[in-house]
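Close look at the chain arrangement
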Amino acid sequence: MAFLDLFIVNKSGGLIHHRSLSEKAPQIGTNEWLRIGSTFHSLHAIAAEASPVRGKIDDGIELIESEGLVLCCFQTRTGIKFVLTAEPGTGYLQKVLKEIYVAYTDCALKDPFYELEMPIRCELFTQAVNDVMSRFGNR
């Protein structure tokens, strides 16, 4: 079982970070990832609106499972979505996403050169994600 891809979508639906986490991950171009990020943002919003239970900030898509893929989403209170794809049977998806969120707050948000809603280009964040992945069995 392996984690495949990590992508982070800002509250406006723009892709601010993507990286493949495994050699098994599909090879998709940058433009396609931008489309995937904005499409997921729209589907997440539609799911939140269609939900019969209202009022929670994290309404929307949290987990999608299929025969060949598991997609897990963690939405922060500020609307940023951390999305992880993995092979079926891979465990700890929510825990990994929450640790990546902690890395984001510790590394990217404390970087004086990082601007909110912009692509994340922070070496400390990259290293922190590598550390999280190594603890949970990837890389």
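First things first, this report covers the structure right here in the doc. Note that the structure is a prediction, hence the values are computed from the model and not measured. (Residues numbered from 1 in each chain as written. Predicted model: local features only at pLDDT ≥ 70, side-chain atom pairs only at ≥ 80, totals over all residues. Heavy atoms only, no water.)

**Things to note about the pairing of strand β5 (residues 81-86)**
Summarising burial for β5: six of the six residues are buried, a large majority. With burial as the criterion, each face of β5 is covered, one bearing Lys81, Val83 and Thr85 and the other bearing Phe82, Leu84 and Ala86. As defined by bridge partners, strand β4 (residues 70-75) adjoins β5 across six bridges and the pair is classed as antiparallel. What sits directly across from Phe74, in β5, is Phe82. In textbook terms, the turn of a hairpin is the stretch between consecutive antiparallel strands, and for β4 and β5 this stretch comprises five residues, one of which, Gly79, has a positive phi near 95°. (Buried < 20%, exposed > 50% of the residue type's maximum accessible area, 1.4 Å probe, protein only. Helix = DSSP H or I, 4+ residues; strand = E, 2+ residues; numbered from the N terminus. Pairing = 2+ DSSP bridges.)

**Examining the packing of aromatic side chains**
In the structure shown here, the tally under the stated rule is eight aromatic pairs. Seen in terms of ring centroids, Tyr104 and Tyr114 are 6.3 Å apart; in terms of plane orientation they differ by 85°. Their pairing is edge-to-face. Of this pair, Tyr104 sits in helix α2 (residues 93-108) while Tyr114 sits in the loop between α2 and α3 (123-135); the two residues are 10 residues apart in sequence, bridging distant segments of the chain. Classification of Tyr114 by relative accessible area gives buried; the value is 13%. With centroids separated by 6.4 Å and ring planes inclined at 80°, the aromatic side chains of Tyr104 and Phe125 adopt a geometry described as edge-to-face. With Tyr104 in helix α2 and Phe125 in helix α3, this residue pair connects regions lying 21 residues apart in the sequence. A single burial state applies to Tyr104 and to Phe125, both of which are buried. Joined through ring pairs, the aromatic side chains of Phe74, Phe82, Tyr101, Tyr104, Tyr114 and Phe125 make up one cluster. (Phe/Tyr/Trp six-rings, centres within 6.5 Å; stacked < 30°, edge-to-face > 60°.)

**Some details on the nonpolar core**
Where a protein is soluble and globular, its nonpolar side chains tend to be buried together. Judged by nonpolar contacts, the single largest core of 28 residues is most densely connected at Ile100, Ile120 and Phe125. Among the secondary structure elements, those contributing two or more residues to this core are β1 (3-9), β4, β5, α2 and α3. With eight residues, the top contributor of residues to this core is α2. Ignoring sequence-local partners within four residues, the contact set of Ile100 consists of Leu6, Phe82, Phe125, Val129, Val132 and Met133. Of all hydrophobic cores here, the second largest spans nine residues; its members include Leu15, Ile61, Leu71 and Val83. (Core = buried A, V, L, I, M, F, W, Y, C linked by side-chain atoms within 4.5 Å. Contact = heavy atoms within 4.5 Å.)

**Let's talk about the side chain of Asp5**
Considering the arrangement of structural elements, one finds Asp5 in strand β1. Those residues in contact with Asp5 that sit more than four places away from it in its chain are His18, Arg19, Ser20, Leu21, Ala25, Pro26, Trp33, Val83, Leu84 and Thr85.

**Side note on the sheet that holds strand β2 (residues 15-20)**
Taken together, the five strands give an open sheet; going across it, the order is β2-β1-β5-β4-β3, and neighbouring strands pair in antiparallel fashion. Bordering the open sheet on either side are β2 and β3 (63-65), each of which pairs with just one other strand. For this sheet, the mean inter-axis angle between neighbouring strands, taken without regard to orientation, is 10°. Both β1 and β2 contribute to a ladder of five bridges, which runs antiparallel. Its bridge partner being in β2, Leu6 is matched across the sheet by Arg19. Packing against the sheet, α2 makes contact with β1, β3, β4 and β5, and its axis sits at approximately 45° to β4. The strands touched by α3 within the sheet are β1 and β2, with β2 carrying the most contacts at an inclination of about 45°. (Axes fitted to C-alpha atoms, helices over the stretch in contact; angles between N-to-C directions.)

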